[in-house]
Amino acid sequence: MTRTAPSAPLPEKDLDDAHLHALVDGQLPPAAADAARARLDAHALGRVADWQRHRDGLRALHAALDPGEVPPALHQAAERLQGQHERQARQARWGRWGGIAAGWMLAFGLGWGLHGHGSGDAGDPPMAFVRQAAVAHAVFQPEQRHPVEVTAAQQDHLVQWLSKRLGRPLAVPLLSAQGFDLMGGRLLPGGDGARAQFMYQNAQGQRITLYVGMVDADAGADRGATPQRAAETAFQFHEEGAVSSFYWVDQGFGYALSGELPRAALLAVATAVHQQLVKH
């Protein structure tokens, strides 16, 4: 969705979120953009850089796809969501949520753009699930200031909170033997309810994410797929742009490990994750 650049003059003091979004999206005239950047402090420059990384990552992820025109109903819903976010931002000034909301609005737009491509995700809940996992990875993997909502230092709280929100006891795999340490996790929206994302990082700064949540069997059954297909799938590989994922569904609950690693390296980590979760 293309935002309309603010028509009002730049504020004399702080730039609001509408002007920052316009700056990131390239909607300001060159002179106004230069003036805006000159007025930003280090914190605001960091926010702008984070939002730009989110945008570039999502564009790169689906560079080969033509999303087509966004349907009017989706466009109107996105406009309402953006309007609500801007009102909340003016009231609370929680700047970090601006980048997250913008990233997820773009992600939902890309999700619609994927509609009609490939093998028909609407009738294949596991495929829709792994593509949502890949988009979530692309949005949050580059994040430097807020890669997770709750850090690994509060792992007990993180697991308890996400287990309650997803309605299922969750386990966090230990991947130190594979060279990855838990950074933390976050709660995300999904097609069939809440989803959880756990992020890991190795000594070289490479990040992988484990995305988990319910996969609705009935969504596929309505379009000809059997409930058993959505309820359980074998260990499978999926590639979405630069992001690779191994995923599976067990008793209606989906798991997707995503990263920008060579397939063999990602498989080794995914196998360890699968083995630990099966034991759990």
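Here the structure is shown first, and the text comes after it.
Now for a description of the structure that goes with this document. (Residues numbered from 1 in each chain as written. Predicted model: local features only at pLDDT ≥ 70, side-chain atom pairs only at ≥ 80, totals over all residues. Heavy atoms only, no water.)

It is worth spelling out the side chain of Gln-197 at this point. Assignment of secondary structure puts Gln-197 in strand S3 (residues 193–202). Not counting the four nearest positions on each side in its chain, Gln-197 is found in contact with Ala-136, His-137, Phe-140, Gly-184, Gly-185, Arg-186, Leu-188, Thr-209 and Leu-210. (Helix = DSSP H or I, 4+ residues; strand = E, 2+ residues; numbered from the N terminus. Contact = heavy atoms within 4.5 Å.)

Right, let's get into the nonpolar core. Counting 29 residues, the largest nonpolar core has Phe-198, Ile-208 and Val-212 as its most contacted members. Mapped onto this core, the elements with two or more residues apiece are helix H7 (155–166), strand S2 (180–190), S3, strand S4 (207–214), strand S6 (243–250), strand S7 (253–259) and helix H10 (263–279). Here the element with the most residues in this core is H10; it accounts for 6 residues. The contacts of Ile-208, once residues within four sequence positions are left out, are His-137, Leu-175, Phe-180, Phe-198, Met-199, Tyr-200, Leu-257, Ser-258, Gly-259, Leu-261, Leu-266 and Val-269. Membership of the second largest hydrophobic core comes to 17 residues, among which are Val-130, Ala-136, Val-148 and Val-249. (Core = buried A, V, L, I, M, F, W, Y, C linked by side-chain atoms within 4.5 Å. Buried < 20%, exposed > 50% of the residue type's maximum accessible area, 1.4 Å probe, protein only.)

If you walk through the whole model with that rule in mind, you get 6 aromatic pairs. Judged by centre distance (5.6 Å) and plane angle (20°), the rings of Phe-235 and Phe-246 are stacked. Here Phe-235 is found in strand S5 (residues 233–240), whereas its partner Phe-246 is found in strand S6, with 11 residues between them in sequence. Aromatic rings pair up to connect Phe-235, Phe-237, Phe-246, Trp-248, Phe-253 and Tyr-255 into one cluster. Its guanidinium or amino end placed over the ring of Phe-253, Arg-168 lies 4.4 Å from that ring's centre, counting from NZ or CZ. For the cation-ring pair, Arg-263 lies above Phe-237, with the distance from its terminal atom to the ring centre recorded as 4.0 Å. (Phe/Tyr/Trp six-rings, centres within 6.5 Å; stacked < 30°, edge-to-face > 60°. Lys NZ or Arg CZ within 6 Å of the ring centre and 35° of its normal.)

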